[in-house]
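So the chains spell out like this:
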Amino acid sequence: MGQTISEKIISNHIGKKVFAGELVITPVDGVMATDTTGPLSLKAFDAMGGKKVFNPNKCALIIDHAAPSPNERIANLHKMMRDFARTQDIRLFEIGEGICHQVMVENQYVKPGDIFIGADSHTPTYGALNAFACGVGSTDLAAVMMTGKIWLKVPQTIKINCSGKLQSEVTAKDLILFLVGKITVSGATYQAIEFCGEAFEGLSLSGRMTIANMSSEMGAKTGIVHPAGLQLDYDFNPIVSDADAKYIQSFDFDVSDLEPQVSAPESPDNVHNISKYEGIKIDYAFIGTCCNGRLEDLDIAAKILKNKKIHPEVRMVIAPASQSVLLDGISNGSIATLIKAGASLITSGCGPCVGTHQGVPADGEVVISAANRNFRGRMGNPNSNIYLGAPSTVAASALEGQIVNPKKYLVS
């Protein structure tokens, strides 16, 4: 019987063929934790009697969710992480170095065919690299840090095939919002998703990361973008599913006529064509996060805002996904364009997305965000309203002071 990509990756790691539903113990290729989950993992590591991590080169800690520290309590948690990293001789990514998922890819902690475990719900982002990646709780991560292994129930797989080429003004974010709307936030609970078809083949690595990232918004254990068309700076052996692989569900969508999409409060799956929401006044526009803070996201926003000013009643916040992205954006002029347009640049990190600091909206304010979640209270205030869209939608809306279709700024 044929295997899915997830079944093949897990089988390769344990040395025998396995299929959906089987319980396995498998070695992992890497682990990471952030300042939200890391301190709890380190306490659990100590409580379990941990002395040394299984491999210092395969473990990483990242300070990104509350960076720089907004208060004394978090500052002390950061110190705990620094002390542990120093003692264990593992890499700690400091304030401003970047968001966990971005720096793990940039620094090649995860590669095609890997099994990677992170104490963060958006760890499936690495499925963009043809890897099996999933998020776990802090205690589970502590056990993986000690042993280099994890137990898994091999997930069933949903296949999502998208035919047709995306229109020039439609991005990977629009595509994944559309799919989240179709599958729903619980439609893939503890299942793997394989994204395949022409619409994905033309996506950059950044676009693929956006797709895999929001598989979490369907409840998926992991999401893997088919490696057809994947271009990396190194050689790799792609892992693809067999023709007779067994899927629990299969979906086919022709996305050649897909329009820009918007997710309305208070759930990522509350998705419709942007035309439904055009004209809604906004107060706050945000571009960043592990979903859409990469260079191509900043570039498309800069293209829309070049030689223009954002609406006087809108504030716009930009959080580059990493220091590397920031430097590239400075080099190519995108950062200067965004600042001249009136945007505020903040430290690379997750603060506004999770609502820890650096951008909490006020009561009654309307936010258009390039993030991945808009549940009530997500950005730190349950009395605000968050709409999700592509960076192009965010930039165009910041310009006009209301949600608008970015098409007129992108199609000549």
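Going by the structure above, here's the rest.
Residues numbered from 1 in each chain as written. Predicted model: local features only at pLDDT ≥ 70, side-chain atom pairs only at ≥ 80, totals over all residues. Heavy atoms only, no water.

A. Looking closely at a nonpolar patch on the surface. On the surface, Leu23, Ile25 and Trp151 cluster together to form a nonpolar patch covering roughly 410 Å² of accessible area. Among the secondary structure elements, Ile25 is positioned in strand β1 (residues 23-27). Of the residues examined, Ile25 reaches a relative accessible area of 61% and is grouped as exposed. (Patch = residues over 30% accessible without salt bridge, like charges linked within 9 Å, V, L, I, M, F, W, Y side chains within 5 Å. Areas by Shrake-Rupley, 256 points an atom, 1.4 Å probe, with all protein chains shown as cover. Salt bridge = Lys/Arg side-chain N within 4 Å of Asp/Glu carboxyl O. Helix = DSSP H or I, 4+ residues; strand = E, 2+ residues; numbered from the N terminus. Buried < 20%, exposed > 50% of the residue type's maximum accessible area, 1.4 Å probe, protein only.)

B. Spatial organisation of the state of the cysteines. Here the structure, examined in full by the defined rule, presents zero disulfides. Here Cys59 stays unpaired: no disulfide links it, and the sulfur of Cys100, its closest cysteine neighbor, is 15 Å away. (Disulfide = S-S within 2.5 Å.)

C. Expanded view of empty space enclosed by the protein. Using the criterion set out here, one finds one cavity of 30 Å³ or more in the structure. Lining the largest cavity, in full, are Pro265, Glu266, Asn374, Phe375, Arg376, Gly377, Asn381, Ser384, Asn385 and Ile386. A per-class count over the lining of the largest cavity returns three nonpolar, five polar and two charged. (1 Å grid on protein atoms, 1.4 Å probe; cavity = no way out; pocket = protein on both sides within 12 Å on 5 of 7 lines; lining within 4 Å. Points joined across faces, edges and corners; volume = space filled by probe spheres on them. Nonpolar A, V, L, I, M, F, W, Y, C, P; charged D, E, K, R; others polar.)

D. Main features of the layout of surface pockets. A volume near 460 Å³ is recorded for the largest pocket. What lines the largest pocket is a set of 24 residues, and nearest its centre among them are Val105, Glu106, Leu205, Ser206 and Asp233. Elements with a contribution of two residues or more to the lining of the largest pocket: α4 (100-106), α8 (205-213), α10 (295-305) and α11 (323-331). Across the lining of the largest pocket, the residue classes tally to 11 nonpolar, seven polar and six charged. Estimated volume of the second largest pocket: approximately 330 Å³.

E. Molecular detail of the pairing of strand β14 (residues 284-287). On β14, burial covers both faces: Tyr284 and Phe286 on one face and Ala285 and Ile287 on the other are all buried. Summarising the sheet, β14 and strand β15 (residues 315-318) pair through four bridges and their orientation is parallel. Paired with Tyr284 across the two strands is Arg315, which belongs to β15. Bridging between β14 and strand β17 (residues 366-369) involves three bridges; their strand directions are parallel. Looking at β17, one finds that Tyr284 is bridged to Val367. (Pairing = 2+ DSSP bridges.)

F. Inspection of the pattern of salt bridges at higher detail. Counting across every chain of the model gives 12 salt bridges. Close ionic contact of Glu169 with Lys407 constitutes a salt bridge, the shortest N to O distance being 3.9 Å. One end of the pair, Glu169, is in the loop between β8 (157-163) and α6 (172-183); the other, Lys407, is in helix α15 (residues 407-410), with 238 residues separating them in the sequence. Owing to a relative accessible area of 5%, Glu169 belongs among the buried residues under this scheme. Note that Lys281 is salt-bridged to Asp283, the shortest N-O span being 3.3 Å. According to the relative accessible area criterion, Lys281 is partly exposed, its value standing at 45%. Here the salt bridges do not stand alone but share partners, grouping Lys79, Asp83 and Arg86 into one network.

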